[in-house]
Amino acid sequence: GAVVSQHPSRVICKSGTSVKIECRSLDFQATTMFWYRQFPKQSLMLMATSNEGSKATYEQGVEKDKFLINHASLTLSTLTVTSAHPEDSSFYICSARRKRGGTDTQYFGPGTRLTVL
Amino acid sequence: AQTVTQSQPEMSVQEAETVTLSCTYDTSESDYYLFWYKQPPSRQMILVIRQEAYKQQNATENRFSVNFQKAAKSFSLKISDSQLGDAAMYFCAYRKTSGSRLTFGEGTQLTVNP
């Protein structure tokens, strides 16, 4: 099956610092990747859609200067949380879109727990 | 805008029994996909089953099957012979055929009792 990895799985940082999260599709190429945020016991909230070689499309209310997304290759997208604050603490999940044989499916990474002190 | 509603925040089932999770959605599109994803305590999202709206036949994957009622915009998930490993949060999701973004429901927390 399709495998998507995320690194790191958890990170603790001080307020004001920046944190980078990587999302990789390990066995397929993904022209489109997605970044979600999930609060405890809640659903996934789409933050942005990342397209390889172009600027990310951010959802309404998501600050693009705070959540920098780069999709430099067909297998890697990164999310950088700049000047992190405690309210940015959350679970961040990426997914990668795979099109194959007429099917089009999103496969998810294992998530990254960010804690900002 | 499309919306997905899961009206059961929590459900429980006895091991080996059958449980049905409900999902309704709202869309003006005629062609789309519906999904059920499972999120166990590890929080890894796992695709359980997929249904194309143009197919009348209900999708089945081993112990998991759906009841897709297009006119009623209903998409329920039936889990047969429930196992302890089925305990998880289950999310119903919608995607337009022409689009890429998923719209998720609020989730249903399933507990399996031994």
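Provided above is the structure to which this section pertains.
The rules behind each value
- Starting from 1, residues in each chain are numbered consecutively following that chain's sequence as written.
- For this description, chains carry letters from A and ligands carry numbers from 1, given in the order in which they are written.
- Local features are withheld for residues below a pLDDT of 70 in this predicted model, meaning they are given only at 70 or higher, and side-chain atom pairs are given and counted only at 80 or more; totals for whole chains, interfaces and linings count all residues.
- Heavy atoms throughout the structure, all of them, feed into the side-chain values; hydrogens and water do not.
- Salt bridges, as used here, are contacts in which a Lys or Arg side-chain nitrogen is within 4 Å of a carboxyl oxygen on Asp or Glu.
- In this text, helices come from DSSP runs of H or I with a minimum length of four residues, and strands from runs of E with a minimum of two, each type numbered from the N-terminal end.
- Only protein chains enter the calculation, and the probe is 1.4 Å; a residue is then buried if its accessible area is under 20% of its type maximum, exposed if over 50%, and partly exposed in between.
- We call Phe, Tyr and Trp rings a pair once their centres come within 6.5 Å, taking the six-membered ring for Trp, and we label the pair stacked below 30 degrees between planes, edge-to-face above 60, and tilted otherwise.
- In this scheme, Lys NZ or Arg CZ marks a charge over a ring once it lies within 6 Å of the ring centre and within 35 degrees of the ring normal.
- Here a residue-residue contact requires only that any non-hydrogen atoms of the pair lie within 4.5 Å.
- The quantity reported as buried area is the accessible area (1.4 Å probe) lost by two parts once they are put together, taken as the sum for both.
- Three residue categories are used. Nonpolar comprises Ala, Val, Leu, Ile, Met, Phe, Trp, Tyr, Cys and Pro, charged comprises Asp, Glu, Lys and Arg, and polar comprises the others, including Gly.

### Structural notes on the pattern of salt bridges
Then, number 1: Scanning all chains against the criterion turns up eight salt bridges over all chains.
Then, number 2: Asp104(A) is paired through a salt bridge with Arg95(B); the nearest N and O atoms lie 3.4 Å apart. Taken together, the residues Asp104(A) in strand E10 (residues 103-108) and Arg95(B) in strand E10 (residues 88-96) connect one chain to another.
Then, number 3: On the basis of relative accessibility, which here comes to 2%, the residue Arg95(B) falls in the buried class.
Then, number 4: Connected via shared salt-bridge partners are Arg97(A), Asp104(A) and Arg95(B).

### Focus on the packing of aromatic side chains
Then, number 1: Here the structure, examined in full by the defined rule, presents 15 aromatic pairs over all chains.
Then, number 2: For the ring pair Phe108(A) and Phe104(B), a centre distance of 6.2 Å and an interplane angle of 65° mean the geometry is edge-to-face. Taken together, the positions of Phe108(A) in strand E10 and Phe104(B) in strand E11 (residues 103-104) put the pair across two chains.
Then, number 3: Residue classification places Phe108(A) among the buried residues on the basis of a relative accessible area of 4%.
Then, number 4: Through successive ring pairs, a cluster of aromatic residues spans Tyr36(A), Phe108(A), Tyr33(B), Phe35(B), Tyr37(B), Phe91(B) and Phe104(B).
Then, number 5: Of note, Arg98(A) hangs over the ring of Phe28(A), and the distance from its end group to the ring centre comes to 5.8 Å.
Then, number 6: Over the ring of Phe91(A) we find Arg43(B), and its NZ or CZ is 4.0 Å from the ring centre.

### Considering the environment of Lys78(B)
Residues and elements named next belong to chain B.
Then, number 1: As for its placement among the helices and strands, Lys78 is situated in strand E9 (residues 74-79).
Then, number 2: Assessed through its relative accessible area of 37%, Lys78 is described here as partly exposed.
Then, number 3: Taking the C-alpha atoms as reference, Lys78 lies 4.3 Å from Thr20; in sequence the two are 58 residues apart.
Then, number 4: If near-sequence neighbours (up to four positions away) are discounted, Lys78 is found in contact with Thr18, Val19, Thr20, Arg63, Phe64 and Ser65.

### So, the interface of chain A and chain B
Then, number 1: Each partner contributes residues to the interface: chain A has 22 residues there, and chain B has 20 residues.
Then, number 2: Carbon and sulfur atoms make up 47% of the area that chain A and chain B hide from each other, which totals about 1700 Å².
Then, number 3: Viewed at the interface, chain B and chain A are joined by two salt bridges.
Then, number 4: A salt bridge links Arg101(B) to Glu59(A); its shortest N-O distance comes to 2.9 Å.
Then, number 5: Elements represented by at least two residues in the side of chain A that touches chain B include exactly strand E4 (32-38), strand E5 (44-51), strand E9 (90-100) and E10 of chain A.
Then, number 6: The leading source of residues in the side of chain A that touches chain B is E10(A), at five residues.
Then, number 7: Per-class residue counts for the side of chain A that touches chain B are nine nonpolar, eight polar and five charged.

Read these as geometric descriptors, not functional statements.
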